[in-house]
Amino acid sequence: VTGSNKGIGFAIVKDLCKKFDGLVYLTSRDESRGRAAVEILQKDGLTPQYHQLDISDEGSVKNFVDYLKTSYGGVDVVVNNAAIAFNGVLARPRVESVKELKAPEPALEHMASRTEPYPVQARETLKINYFDTKNFCNAIFPLLKPHGRVVNVSSSAGHLSRINGQEPQASNLRNKLASPLLTEKILDELINDYISSAEKGDWYANGWPNVPISPYYISKVALSALTRIQQRNFDEDSREDLIVNSCHPGYVKTDMTSNKGFWTIEEGAVCPVYLALLPPNIAEPKGAYVWKDKTVVDWANGPAPGLY
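Now for a description of the structure that goes with this document. (Residues numbered from 1 in each chain as written. Predicted model: local features only at pLDDT ≥ 70, side-chain atom pairs only at ≥ 80, totals over all residues. Heavy atoms only, no water.)

## Topic: the packing of helix H4 (residues 118-140) against helix H7 (residues 214-235)
Let me state the cut-off plainly: Axis geometry follows a simple rule: fit a line to the C-alpha atoms, using only the stretch in contact for helices, then measure angles between N-to-C directions, giving values from 0 to 180 degrees. Comment: elements are numbered from the N terminus, with helices defined as DSSP H or I runs of at least four residues and strands as E runs of at least two. Note that the term roughly parallel is reserved for angles under 35 degrees, roughly antiparallel for angles over 145, roughly perpendicular for angles of 65 to 115, and oblique for everything else. Helix crossings get a hand from a simple test, with the near helix turned counterclockwise from the far one by less than a right angle marking a left-handed crossing and a clockwise turn marking a right-handed one. When checking whether two residues touch, look at their non-hydrogen atoms; a contact exists if any pair is within 4.5 Å.
Where H4 meets H7, the axes come as close as 9 Å, and the angle between the chain directions of the two elements is 20°. On the basis of the axis angle, H4 is roughly parallel to H7. At the point where H4 passes H7, the crossing takes the right-handed sense. Across the interface between the two elements, Tyr118, Gln121, Ala122, Thr125, Leu126, Asn129, Tyr130, Thr133, Lys134 and Cys137 from H4 touch Ser214, Pro215, Tyr216, Ile218, Ser219, Ala222, Leu223, Leu226 and Gln230 from H7.

In structure tokens:
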């Protein structure tokens, strides 16, 4: 479980230690914080393992993957939980002909507190939440055993409908992101186009959303889209029954939400753990976008149930 020394990741490790028939690795960028988290779980009678992992550091990723390969030969479950969010200011994009910009959603108003320039927020958020997560997947996926399970922790912000900038550009973006022909290469290009638009100030005019944490929204939409690509690749893989899903864990009280969420970290872990432990040869969910109550949501065409 990446990024699991606190928050939802910590709760996922805790629950997997109780339910998974195998070793569970708590990982963190900072080793001291990770080992402190392990000690907390050990006091509860659980036996998590620990390894340092920073998905933004190629050397750290290689060290972890090599360790797993040497020690165990493979892995059964990967939970991609590590992510960042700037509690960012509502930037004003350069637009030419827009009657009104989309207003920020009320539940996100508390997040408008950081002052990093919007291009910095866009570049750094997409690096960690999309590019580094994708690169970690590509490094560890060769170790997945038959019946392997992958969970990409997305968000309600990761529903395709969140791509709601200026039209018709937003519709064009949604069509590209939902296409069954979408590849990692094309998705990379779309995300790099957004980062370039953030630098120029014309991201809204190019169809991308404008809310206080729009880089986070876009990073989670990208992760949800990547999940669908990964499942198509798994379907062609010689290893039997590989499944990946993305999920919205709920609006959880964590550092990332400034503790403004409605749900506990234990409640936030319910859906990710459910997906991590899907039984062998299950028909669905596969490559799906799953809500916190374990229901499959139509990511491409249906409306999102809500923010929470």
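## Here's the deal with the pairing of strand S2 (residues 49-52)
Selection rule: By definition, two strands form a pair when at least two bridges between them are found by DSSP. Here is how to tell: hold the view so the strands point away, follow the path from the first strand over the helix to the second, and if it runs clockwise the crossover is right-handed.
Here strand S1 (residues 25-28) runs beside S2; their pairing, made up of four bridges, is parallel. Within the sheet, the bridge partner assigned to leucine 26 lies in S2 and is tyrosine 50. On the question of chirality, the crossover connecting S1 to the parallel S2 by way of helix H2 (residues 31-43) is right-handed.

## Looking at unusual backbone geometry
Note the cut-off: Throughout this description, buried means an accessible area under 20% of the type-specific maximum (1.4 Å probe, protein chains only), exposed means over 50%, and partly exposed covers the range between.
In the segment running from glutamate 167 into proline 168, the intervening peptide bond is cis, with an omega of 5°. Inspection of the secondary structure assignment puts proline 168 in the loop between strand S4 (144-153) and helix H5 (169-178). The omega angle of the peptide bond from glutamate 284 to proline 285 is 5°, so this bond is cis rather than trans. Unusually for a residue other than glycine, histidine 147 sits at a positive phi of about 70°. You can see histidine 147 is positioned in strand S4. Judged by relative accessible area, histidine 147 falls into the partly exposed class, the value being 30%. Its identity is not glycine, yet lysine 294 carries a phi of approximately 75°, on the positive side.

## Examining the nonpolar core
The condition that has to hold: By nonpolar core is meant a set of buried Ala, Val, Leu, Ile, Met, Phe, Trp, Tyr and Cys residues that side-chain atoms within 4.5 Å join together.
Of all hydrophobic cores here, the largest spans 31 residues; its most connected members are Tyr130, Ile163, Leu177, Leu187, Ile191 and Tyr194. Those elements that provide at least two residues to this core are H4, H5, helix H6 (184-200) and H7. Look past the residues within four positions of leucine 187 in its chain and what remains in contact with it is Tyr130, Leu177, Leu182, Ala222, Ala225, Leu226 and Ile229. With 30 residues, the next largest nonpolar core counts Val13, Val24, Val38 and Leu41 among its residues.

Worth remembering: the numbers are spatial, not functional.
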